[in-house]
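Structural characterization, general
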Amino acid sequence: MSRICEQCDALVVGAGPAGLMAADEMSRAGLRVILTEAKPSPARKFLMAGKSGLNLTKKESLETFLAAYDPCHPTMVDALREFGPLDVVAWADALGQEVFAGSTGRVFPKAMKASPLLRAWLAKLNSQGVELRRNWRLTDIDDGFVFDTPDGERCLTPKVTVLALGGASWARLGSDGAWVDMLKPIGKIEPFHASNVALHIAWSDHMAPHFGVAVKNIGLAAGAYTSRGEMVISRSGLEGGGVYTVSRGLRDGAPLVVDLMPDWDHARVAQALNKRKPKESTANFLRKTLRLPPEKIALMMEFARPLPADLVPALKRLEIPNAKPAPMDEAISTAGGVSFDALTHDLAFKARPTLFAAGEMLDWDAPTGGYLITGCLATGLVAGRGAVNAFARASQDG
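Everything numeric here is computed off the predicted structure, so don't read it as measured data.

1. Some points on the overall build of the protein
Each helix and strand counted, the protein has 14 helices and 20 strands in total. Taking the principal axes of its C-alpha atoms as reference, the protein extends roughly 90 × 40 × 35 Å. Put simply, of all contacts in the protein between residues at least 6 apart along the chain, 70% involve residues at least 24 apart. Working note: accessible area of the protein is about 17,900 Å², and carbon and sulfur atoms make up 51% of it. Averaged over its 45 positive side-chain charges, the protein has a centre that lies 9 Å from the centre of its 43 negative ones.

2. Examining unusual backbone geometry
Pro-71 follows Asp-70 through a cis peptide bond whose omega is -5 degrees. Of note, the amide linkage connecting Arg-305 to Pro-306 takes the cis form, showing an omega dihedral of -5 degrees. On the secondary structure map, Pro-306 appears in the loop between α12 (294-304) and α13 (312-316). One non-glycine residue, Leu-54, lies in positive phi territory at about 60 degrees.

3. Here's the deal with the sheet that holds strand β5 (residues 106-109)
Sheet strands line up and pair through hydrogen bonds in the backbone, either parallel or antiparallel. The 3 strands are arranged β3-β5-β4 in an open sheet whose pairing can be described as antiparallel. Looking at the sheet topology across the chains shown, the edges are occupied by β3 (57-58) and β4 (99-101). In this sheet, β5 lies alongside β3 in antiparallel orientation, the contact comprising 2 bridges. Following the sheet pairing, Lys-58 is matched in β5 by Arg-106.

4. Here we look at the state of the cysteines
Applying the stated criterion to the full structure yields 1 disulfide. The disulfide that involves Cys-5 links it to Cys-155, with 1.9 Å between the sulfurs. In this structure the cystine formed by Cys-5 and Cys-155 twists about its S-S bond by roughly 70 degrees; its chirality is therefore right-handed. With a gap of 150 residues between them, Cys-5 in the segment before β1 (6-13) and Cys-155 in strand β9 (residues 152-163) connect regions that are remote in the sequence. Cys-155 supplies the cysteine sulfur nearest to Cys-8, a cysteine that is in no disulfide, at a spacing of 9.9 Å. Lacking any disulfide linkage, Cys-72 is separated from the closest cysteine sulfur, that of Cys-376, by 13 Å.

5. Things to note about the layout of surface pockets
A probe matching the size of a water molecule, rolled over the atoms, marks out where space remains unfilled. Estimates place the volume of the second largest pocket at around 350 Å³. Around the second largest pocket sit 18 residues that line it, and Pro-71, Ala-335, Asp-363, Trp-364 and Asp-365 are the ones nearest its centre. No other element matches strand β10 (residues 189-195), which puts 3 residues into the lining of the second largest pocket. Class assignment for the residues of the lining of the second largest pocket results in 8 nonpolar, 4 polar and 6 charged.

6. Details of the packing of helix α1 (residues 17-28) against helix α6 (residues 115-127)
Contact pair α1 / α6: the axes reach a minimum separation of 10 Å and the direction vectors enclose 35 degrees. Along this stretch, α1 crosses α6, giving a crossing that reads as left-handed. In this structure, α1 contributes Pro-17, Leu-20, Met-21, Ala-23, Asp-24, Ser-27 and Arg-28 to the contact, and α6 contributes Leu-118, Trp-121, Leu-122, Lys-124 and Leu-125. Considering only residue class, the contact of α1 with α6 consists of 8 nonpolar, 1 polar and 3 charged.

7. Description of the pattern of salt bridges
Taken as a whole and assessed by the stated rule, the structure comprises 19 salt bridges. A salt bridge links Asp-263 to Arg-228; the shortest N-O distance between them is 2.5 Å. You can see Asp-263 sitting in the loop between β15 (256-259) and α10 (266-273) and its partner Arg-228 sitting in strand β13 (residues 225-233), a full 35 residues away along the chain. Members of the salt-bridge network, linked through shared partners, are Asp-24, Glu-25, Arg-28, Glu-82, Lys-124 and Arg-385.

8. Comments concerning helix α4 (residues 74-82)
Every buried residue belonging to α4 is among Thr-75, Met-76, Ala-79 and Leu-80, and all of these are buried. Mapping the buried residues of α4 onto a view down its axis gives an arc of 135 degrees, with all of them on the same face. Buried residues along α4 sit against α3 (62-67) and α14 (371-396).

The rules behind the values
Residues numbered from 1 in each chain as written. Predicted model: local features only at pLDDT ≥ 70, side-chain atom pairs only at ≥ 80, totals over all residues. Heavy atoms only, no water. Helix = DSSP H or I, 4+ residues; strand = E, 2+ residues; numbered from the N terminus. Contact = heavy atoms within 4.5 Å. Areas by Shrake-Rupley, 256 points an atom, 1.4 Å probe, with all protein chains shown as cover. Lys, Arg positive; Asp, Glu negative; His and termini not counted. Charge placed at Lys NZ, Arg CZ, Asp CG, Glu CD. Pairing = 2+ DSSP bridges. Disulfide = S-S within 2.5 Å. 1 Å grid on protein atoms, 1.4 Å probe; cavity = no way out; pocket = protein on both sides within 12 Å on 5 of 7 lines; lining within 4 Å. Points joined across faces, edges and corners; volume = space filled by probe spheres on them. Nonpolar A, V, L, I, M, F, W, Y, C, P; charged D, E, K, R; others polar. Axes fitted to C-alpha atoms, helices over the stretch in contact; angles between N-to-C directions. Left-handed = near helix turned anticlockwise from the far one by under 90°. Salt bridge = Lys/Arg side-chain N within 4 Å of Asp/Glu carboxyl O. Buried < 20%, exposed > 50% of the residue type's maximum accessible area, 1.4 Å probe, protein only. Arc of directions from axis to C-beta.

Put into structure tokens, the structure is as follows:
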């Protein structure tokens with residue numbers, strides 16, 4: 001049955017960073033844009049990220065930056081080349097949000113939160129004529145774009161559309177992956193997997209005093225993925241940037257291996273161990289001679305007992321067994337989603353050239369540290385520009 005639908009130039013579904021960027025690009029080009037959001041307010045996951053400072057991007061060479069996404073489809077690589085770290089800084093500055101780079105190269109707004117940047121961005125979009133419709137949940141894309149709204153069912157028929165529907169983590173913030181069945185008929189969808197996710201561990205009682213403590217200056221590895229940084233011992237397991245960076249290896253089944261003394265090579269550790277006095281306890285020796293803090297000693301005792309005669313492997317390659325990734329909905333992000341093989345280079349569905357996809361709903365993966373938000377902004381920009389070009393072609397065709 002055909003529906004009576006409201007016509008518009010352009011529709012963006014999903015008001016996270018990717019959707020906002022697409023709406024920005026299309027409205028700047030003069031298109032009348034309707035932006036719909038399933039939740040009562042936009043960019044909820046973006047605001048959640050801002051509670052820890054809003055890491056927008058990473059100050060490093062573009063090639064180093066791109067390597068963090070590896071393996072990565074060429075279309076995604078080109079999007080990041082088009083809108084990379086320097087572009088993110090310029091974009092934030094244009095919104096009146098000055099940024100700074102921390103000691104690790106991570107770039108944050110000086111305000112250290114997301115709300116001022118989001119307010120400035122929404123004001124800009126409003127000045128460009130973007131109409132934000134809240135509590136509009138997409139339910140169908142076959143006979144117009146149909147939404148469940150506070151005023152009942154509504155339908156839109158745009159000339160071009162960008163979907164920025166998110167991945168499948170943090171459903172309460174809007175990313176629930178419920179769109180998958182809707183899009184399967186027009187393009188390949190890869191299964192979702194948790195990424196940048198904490199690990200659940202059944203601790204013994206002696207670890208309780210260390211809950212909430214950051215284990216700093218460590219090396220972590222899981223399969224081909226490595227990181228250098230820190231992790232936090234939580235009541236339920238391990239979390240933090242160091243763990244998230246190697247989550248792709250953990251997802252593939254590789255064990256988590258921790259180097260408790262990354263600044264010392266094996267030979268130096270072995271030499272220090274040879275100085276241990278016969279009656280000196282292991283804990284005292286580790287604390288006094290090797291200067292290990294209590295949390296590192298606790299981890300070693302938790303996972304390396306009974307301690308071997310040679311402690312070098314336990315210090316340099318401490319394996320964390322039986323660590324299980326937290327549920328996908330607790331993950332910071334997800335891998336999987338719309339396959340790039342189903343899309344053109346400007347992120348249009350090959351089966352529907354006026355329908356585009358952007359953001360975390362695409363099948364790409366990246367660690368935390370500014371890579372996630374930059375990837376969403378970059379794909380939103382590319383999809384928005386692609387939609388502008390598709391609108392121009394549709395207008396020429398009559």
